[in-house]
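Fold and contact review
As a plain string of letters, each chain reads:
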Amino acid sequence: MDLGLEGSRALVAASSRGLGRAVARELAAEGARVVITSRSKGTLEEAAAGIAGETGGQVGWVAADLRRAEDVRRLVAEAAGRLGGLDVLVTNSGGPPAGDFEDFGDEAWREAFELNLLSVVRLVREALPHLRASRSGRILNIASSSIKQPIEGLVLSNTFRAGVAGLAKSLAAELAPEGILVNTIGPGRISTDRVRQLDEARAKELGITPEEAKARSEAGIPLGRYGTPEELARLATFLVSPANSYVTGQAVLVDGGMVRAL
Ligand SMILES: NC(=O)c1ccc[n+]([C@@H]2O[C@H](COP(=O)([O-])OP(=O)(O)OC[C@H]3O[C@@H](n4cnc5c(N)ncnc54)[C@H](OP(=O)(O)O)[C@@H]3O)[C@@H](O)[C@H]2O)c1
């Protein structure tokens, strides 16, 4: 299948490592021109050079903190300026801290709101004029499997990911007349730094090793293992490509069958 991504212009948020990096790499491998972003210049420079080396693609970077409105404005303006517009926006961010309801006060709630929901609102708002001007505007949100089933001990994530899913469903209907397709991917347990940290925290809490925590977690996944960032990136790349012309408003899990909800 030809995905039709050759020459596509893509901004992938939170992409110096983990899921965002894998999506940016897959897009570059398909011939898209990509801008990656995170807070740390050093990591970004390394990631951009790494992706370009691995794919032969064109990869630029802009440092920005997704919690700051002015950073998001500058990020989208610089990315669109360098690429000559935008066809693809992938929203993504760091994960909020793990914990239960009574672990968090207002400040933590506000921070998680800014990082995991308001950043998506702002990225979409800034990117919309460019996506409207594209012939195949695509928005993809990377959220969490918690959009279908809340995860124990992750109350902040459970709350704001649901907001992202609701926002995406609303946007899909609002933007369909303009040919912009909007979808959300919910990762289950994909091997990245974030998941390693969550396993370490759980291991500490239960007095077991991180390897044991991982093994227990894998036992709840029908495919019996964590996924790889590349496995998620392949679906992401299809959803944002011109080859996807009729899938919009969907929330799709990449979780090896972990969530049992219909
Ligand atoms: N991996 C999974 O299985 C899984 C499952 C469910 C949900 N998720 C969610 O999916 C998202 C990506 O996960 P991941 O596993 O790829 O995480 P990760 O390995 O921790 O990578 C997070 C990325 O976000 C960037 N970032 C963090 N805070 C930022 C900020 N304020 N502004 C700009 N960039 C920021 C990081 O770079 P800097 O730190 O240098 O800024 C890094 O590039 C997270 O929200 C995570 O909670 C992941």
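Heads up: these notes are all about the structure in this document. (Residues numbered from 1 in each chain as written. Predicted model: local features only at pLDDT ≥ 70, side-chain atom pairs only at ≥ 80, totals over all residues. Heavy atoms only, no water.)

**A closer look at the environment of serine 217**
- Within the secondary structure, serine 217 is located in helix H7 (residues 210-219).
- Looking at serine 217, the relative accessible area reads 14%, which means it is buried.
- Through-space distance from the C-alpha of serine 217 to that of glutamate 200 is 12 Å; in sequence the pair is 17 residues apart.
- Each residue touching serine 217, except ones within four places of it in the same chain, is listed here: Arg189 and Tyr226.
- Among the polar contacts made by the side chain of serine 217, one reaches the side chain of tyrosine 226 at a distance of 3.1 Å. (Helix = DSSP H or I, 4+ residues; strand = E, 2+ residues; numbered from the N terminus. Buried < 20%, exposed > 50% of the residue type's maximum accessible area, 1.4 Å probe, protein only. Contact = heavy atoms within 4.5 Å. Polar contact = N/O pair within 3.5 Å; in protein donor to acceptor, adjacent residues only side chain to side chain.)

**Describing the site of the ligand**
- Around the ligand lies a shell of 30 residues, among which Ser16, Ser93, Arg161, Ile190 and Thr192 are the nearest.
- In the environment of the ligand, an oxygen atom lies 2.7 Å from a nitrogen or oxygen atom belonging to the backbone of serine 93.
- One of the backbone nitrogen or oxygen atoms of isoleucine 190 is found 2.6 Å away from an oxygen atom of the ligand.
- Compared with its free state, where it exposes 880 Å², the ligand has 94% of that area covered by protein.
- Looking at the shell around the ligand, the elements that each hand over two or more residues are helix H1 (18-29) and helix H6 (193-206).
- The element that contributes the greatest number of residues to the shell around the ligand is H6, accounting for 3 residues.
- Partitioning the shell around the ligand into residue classes produces 10 nonpolar, 12 polar and 8 charged. (Near = heavy atom within 4 Å. Areas by Shrake-Rupley, 256 points an atom, 1.4 Å probe, with all protein chains shown as cover. Nonpolar A, V, L, I, M, F, W, Y, C, P; charged D, E, K, R; others polar.)

**Description of H7**
- The set of residues buried in H7 consists of Ala213, Ser217 and Glu218. When H7 is viewed along its axis, its buried side chains cluster within an angular range of 135° and face the same direction. Those residues of H7 that are exposed and angled more than 90 degrees off the buried face are Glu211 and Ala219.
- Packed against the buried residues of H7 are H6. (Arc of directions from axis to C-beta.)

**Topic: the pattern of salt bridges**
- Enumeration according to the criterion identifies 17 salt bridges in this entry.
- In this structure, aspartate 65 engages arginine 67 in a salt bridge whose closest nitrogen and oxygen atoms are separated by 2.8 Å.
- Overall, the relative accessible area of 14% leaves aspartate 65 in the buried class.
- The exposure class of arginine 67 is partly exposed, given its relative accessible area of 31%.
- With a closest N to O distance of 2.5 Å, arginine 132 and glutamate 178 form a salt bridge. With arginine 132 in helix H4 (residues 106-133) and glutamate 178 in the loop between helix H5 (155-175) and strand S6 (181-187), this pair connects stretches of sequence that are 46 residues apart. (Salt bridge = Lys/Arg side-chain N within 4 Å of Asp/Glu carboxyl O.)

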